[in-house]
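Geometric and topological summary
Below are the chains, spelled out letter by letter.
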Amino acid sequence: MKKLLALYKKFEEIINYLIVGVLTTIVSWAAYGLCKLVMNVDNAFMMQVAVLIRWIAGVVFGYFTNRRFVFKSKNPNMLREGIDFAGSRVITLFLDMFVMWLLPTVFHVNDWIATFVSAVLVTIMNYIFSKFIVFRKKKS
């Protein structure tokens, strides 16, 4: 048990980041599921509204949980930090969209494989943006 705890302590930030990521995905999917209950997502416009709501729910939940449990931010300027977080997520949203266009359309990669590749790239980029830009530690 001590070895397991030591291993957790060594990789605490990354482990917590992955746990928060799974929870963020659940929140995002739940938001989409609620949208499906109250909106006609067969309509193309309403589908995009539902996707936007899903994305916003994921970003808001992700910001607060990453701030508290992953990066343990004490930054008093939460508005600036939140804007930086959302901005970084917009960038990786475009990365996701680009990969999901490039791999299936140009390289004829199966869309599920492309989804996996995109998820890995987006997860890595989100972590880098969060660690080094959004929640960076100020030098004392």
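Scroll up for the structure.
Residues numbered from 1 in each chain as written. Predicted model: local features only at pLDDT ≥ 70, side-chain atom pairs only at ≥ 80, totals over all residues. Heavy atoms only, no water.

Along its length, the chain carries five helices and zero strands. Counted from the first residue to the last, the chain has its helices and strands arranged as α-α-α-α-α. Dimensions of the chain along its principal axes, counting C-alpha atoms only, are 50 × 35 × 30 Å. By the burial criterion, 27% of the 140 residues in the chain qualify as buried. With the model as given, the accessible surface of the chain reaches about 9900 Å², and the carbon-plus-sulfur share is 74%. Charge centroids of the chain, computed over 17 positive and 7 negative side chains, lie 13 Å from each other. (Helix = DSSP H or I, 4+ residues; strand = E, 2+ residues; numbered from the N terminus. Buried < 20%, exposed > 50% of the residue type's maximum accessible area, 1.4 Å probe, protein only. Areas by Shrake-Rupley, 256 points an atom, 1.4 Å probe, with all protein chains shown as cover. Lys, Arg positive; Asp, Glu negative; His and termini not counted. Charge placed at Lys NZ, Arg CZ, Asp CG, Glu CD.)

Next up on the list: the pattern of salt bridges. Taken as a whole and judged by the stated rule, the model has five salt bridges. Among the ionic pairs, Glu12 bridges to Lys72, the shortest N-O distance being 2.8 Å. In this pair, Glu12 sits in helix 2 (residues 12–38) while Lys72 sits in the loop between helix 3 (44–70) and helix 4 (78–106), placing the two residues 60 residues apart along the sequence. When its relative accessible area of 19% is taken as the criterion, Glu12 is described as buried. The class for Lys72 is partly exposed, based on a relative accessible area of 39%. Between Arg67 and Glu81 there is a salt bridge, with its nearest N and O atoms 2.3 Å apart. Remark: Glu81 occurs in helix 4 and Arg67 occurs in helix 3; sequence separation between them is 14 residues. It is possible to trace a salt-bridge network through shared partners that takes in Lys9, Glu12 and Lys72. (Salt bridge = Lys/Arg side-chain N within 4 Å of Asp/Glu carboxyl O.)

Of note, Arg136 is situated in the segment after helix 5 (111–134). Among the residues examined, Arg136 registers a relative accessible area of 43% and is labelled partly exposed. Along the backbone, Arg136 and Ile26 are 110 residues apart, and their C-alpha atoms lie at a distance of 26 Å. Residues in contact with Arg136, not counting those within four places in the same chain, are Ser130 and Lys131. In this structure the side chain of Arg136 is engaged in a polar contact, spanning 2.4 Å, whose partner is the backbone oxygen of Ile133. (Contact = heavy atoms within 4.5 Å. Polar contact = N/O pair within 3.5 Å; in protein donor to acceptor, adjacent residues only side chain to side chain.)

Attention now moves to the layout of surface pockets. Taken as a whole, the largest pocket encloses approximately 1300 Å³ of empty space. When contributions to the lining of the largest pocket are tallied by element, the ones reaching two or more residues are helix 2, helix 3, helix 4 and helix 5. Looking at the lining of the largest pocket, its residues break down into 16 nonpolar, 13 polar and three charged. If you add up the space inside the second largest pocket, you get close to 170 Å³. Of the residues forming the lining of the second largest pocket, the biggest block, three residues, is contributed by helix 4. For the lining of the second largest pocket, a count of residues per class yields three nonpolar, two polar and eight charged. (1 Å grid on protein atoms, 1.4 Å probe; cavity = no way out; pocket = protein on both sides within 12 Å on 5 of 7 lines; lining within 4 Å. Points joined across faces, edges and corners; volume = space filled by probe spheres on them. Nonpolar A, V, L, I, M, F, W, Y, C, P; charged D, E, K, R; others polar.)

Quick look at the side chain of Thr65 now. Considering the arrangement of structural elements, one finds Thr65 in helix 3. Thr65 gets classed as buried once you look at its relative accessible area, which sits at 11%. From its side chain, Thr65 meets the backbone oxygen of Gly62 in a polar contact 3.4 Å long. Beyond its immediate stretch of four places on either side in the chain, Thr65 contacts Val20, Thr24 and Val70.

The subject of this paragraph is the nonpolar core. Ranked by size, the top nonpolar core spans 10 residues in total: Tyr17, Val20, Val59, Tyr63, Val70, Phe71, Phe85, Tyr127, Val134 and Phe135. Counting only elements with at least two residues in this core, the list comes to helix 2, helix 3 and helix 5. Of the residues forming this core, the biggest block, three residues, is contributed by helix 3. Counting five residues, the second largest nonpolar core, distinct from the first, contains Tyr32, Cys35, Val41 and Ala50. (Core = buried A, V, L, I, M, F, W, Y, C linked by side-chain atoms within 4.5 Å.)

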